[in-house]
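Structural features, examined
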Amino acid sequence: MSNTIPQRVFSGVQPTGNLHLGNYLGAIKRFVELQDTFDCVYCVVDLHAVTTWQHPVELTSNIREVTAAFIASGIDPEKHIVFNQSQVAAHAELAWIFNCVARMGWLNRMTQFKEKAGKDREKASVGLFAYPTLMAADILVYRATHVPVGEDQKQHLELTRDIAQKFNNDFSDRIAATGCGVPMQVGDETVNGYFPLTEPVIGGPAARVMSLRDGSKKMSKSDPSDLSRIVMTDDADAIAKKFRKAKTDPDALPSETEGLADRPEADNLVGLYAALAGTDKASVLRDFGGAQFGTFKPALADLAVEKIAPIADEMRRLQADPAEIDAILKQGSQRASAIASSVISDVKEIVGFVGARG
Ligand code: AQP
């Protein structure tokens, strides 16, 4: 048994339709960038999707769409692992154990549940409440060390670290007795733990892409307004129209980033331009400082079309052959299962279940 945990990236996207520019810039584009440095496991998180109602036929199509988006964006499913969550039973098994490690008070503090459940919490699914423990299991069933996500997922990643730490503490004697643990640094102390304290990978100009209609709300799949988001499969006309109609203030763009303070819509559009161009906001403002939105918005739309249209074309080509996508997912699920089943055997042994090995 190795005495270090290999550096590994895990992340996922829900197949809930309306895949948007925030998902691409905040997550998928980062997934692609990390491929050269890490072993990566990228998951279409279909078990998460069903925490809210999904029409079965649409769910199937959306699973293939997210898979196509991963591959069309440049994720290599031969070198790395691409699969759908429901096909690796260890996610649900570890989530159950984590349901018994996590505390109600921890989950009660999760803001995503409060936002998604809305006013009538009694009618939310139990799955929606337990979403963060499943997310912790997704990550830790691969003992992943790094997780690229948008800023909205920061709180869930903190909870993942809390769960890992509590598991390591609760079972420290068993971890030592079974020889499954590794030395890891927690603050000033070196402890013998089983699960790593995963690092979030959040940042860049598009860590939180905002709605085009309201600079105080994040761009979201579930926003009732189509004009609030650029969808990955929007054509050039739709992209130009949505940016043209994007809410802004009447002032020209500032020449320095300090001038974006208290201007959330301007800040958002400049951040989008920077992320699409692979640069930062300061550099965008060096080129566009003093420009009116009448000039900046068409330039942004042209850049978005230039970057997104080839991905959308490739997504359409891939989606025309569902059998090919399904084969990629099946192969990925087998490779994912090989890692996850070894972790779940260790966990069952650590917890004390009979028959955990062999
Ligand atoms: N607006 C955003 N800006 C930056 N990153 C974002 N992400 C989501 N919205 C933004 C990141 O995309 C990844 C996949 O997200 P998800 O499929 O798990 O869905 P979500 O986080 O619940 O957000 P959505 O897509 O907007 O859906 P709804 O409408 O259901 O809330 C994650 O890494 C997420 O951070």
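Each remark here, short or long, concerns the structure printed above.
Remember, predicted model here, so these are calculated numbers, not experimental data. (Residues numbered from 1 in each chain as written. Predicted model: local features only at pLDDT ≥ 70, side-chain atom pairs only at ≥ 80, totals over all residues. Heavy atoms only, no water.)

This brings us to the pattern of salt bridges. Enumeration according to the criterion identifies 16 salt bridges in this entry. The salt bridge involving Lys-29 is made with Glu-33; its shortest N-O contact spans 3.3 Å. In this pair, Lys-29 and Glu-33 both sit in helix 1 (residues 21-34), four residues apart, roughly one turn of the helix. In this structure, Asp-249 and Arg-263 form a salt bridge, with 2.7 Å as the shortest nitrogen-oxygen distance. Of this pair, Asp-249 sits in the loop between helix 10 (236-244) and helix 11 (264-277) while Arg-263 sits in the loop between helix 10 and helix 11, placing them 14 residues apart in sequence. Accessibility classification places Asp-249 together with Arg-263 in one group, the buried group. (Salt bridge = Lys/Arg side-chain N within 4 Å of Asp/Glu carboxyl O. Helix = DSSP H or I, 4+ residues; strand = E, 2+ residues; numbered from the N terminus. Buried < 20%, exposed > 50% of the residue type's maximum accessible area, 1.4 Å probe, protein only.)

For the rest of this paragraph, the subject is the packing of helix 3 (residues 56-73) against helix 14 (residues 322-351). Look at helix 3 against helix 14: their axes get within 10 Å of each other, and the N-to-C directions meet at 75°. It follows from the interaxial angle that helix 3 and helix 14 lie roughly perpendicular. Two secondary-structure elements touch here, helix 3 through Ile-63, Arg-64, Thr-67, Ala-68 and Ile-71 and helix 14 through Pro-322, Ile-325, Asp-326, Ile-328 and Leu-329. (Axes fitted to C-alpha atoms, helices over the stretch in contact; angles between N-to-C directions. Parallel < 35°, antiparallel > 145°, perpendicular 65-115°, else oblique. Contact = heavy atoms within 4.5 Å.)

To continue, consider the pairing of strand 3 (residues 81-84). Here strand 3 shows a buried face lined by Ile-81 and Phe-83 and a second buried face lined by Val-82 and Asn-84. In this sheet, strand 3 lies alongside strand 2 (residues 39-44) in parallel orientation, the contact comprising four bridges. If you follow Tyr-42 over to strand 3, its bridge partner there is Val-82. (Pairing = 2+ DSSP bridges.)

The description of an aromatic ring pair rests on the distance of the ring centres and on the angle between the ring planes. Overall, the coordinates contain 14 aromatic pairs when judged by the stated rule. With a centroid separation of 5.6 Å and 5° between ring planes, the pair formed by Phe-10 and Tyr-142 is classed as stacked. Separated by 132 residues along the polypeptide, Phe-10 in strand 1 (residues 8-13) and Tyr-142 in the loop between helix 7 (126-140) and strand 4 (146-148) bring together distant segments of the chain. Accessibility assignment for this pair places Phe-10 and Tyr-142 in one class, buried. Pairing Tyr-273 with Phe-288 gives two aromatic rings, centres 5.2 Å apart and planes at 65°, and the pair type is edge-to-face. Placement of the pair is Tyr-273 in helix 11 and Phe-288 in helix 12 (residues 281-288), with a sequence separation of 15 residues. A single burial state applies to Tyr-273 and to Phe-288, both of which are buried. By way of ring pairs, the aromatic residues Phe-98, Phe-167, Phe-171, Tyr-194 and Phe-195 are connected into one cluster. (Phe/Tyr/Trp six-rings, centres within 6.5 Å; stacked < 30°, edge-to-face > 60°.)

So, on to the site of the ligand. The local shell around the ligand holds 23 residues, among which Asp-152, Lys-218, Ser-220, Lys-221 and Ser-222 are the closest. Note that an oxygen atom of the ligand is positioned 2.5 Å from one of the side-chain N or O atoms of Asp-152. When the free accessible area of the ligand is taken as 640 Å², the share hidden by the protein chains comes to 95%. Every element with two or more residues in the shell around the ligand is listed here: strand 1 and helix 1. Sort the elements by how many residues they give to the shell around the ligand and helix 1 lands first, with four residues. Class assignment for the residues of the shell around the ligand results in eight nonpolar, 10 polar and five charged. (Near = heavy atom within 4 Å. Polar contact = N/O pair within 3.5 Å; in protein donor to acceptor, adjacent residues only side chain to side chain. Areas by Shrake-Rupley, 256 points an atom, 1.4 Å probe, with all protein chains shown as cover. Nonpolar A, V, L, I, M, F, W, Y, C, P; charged D, E, K, R; others polar.)

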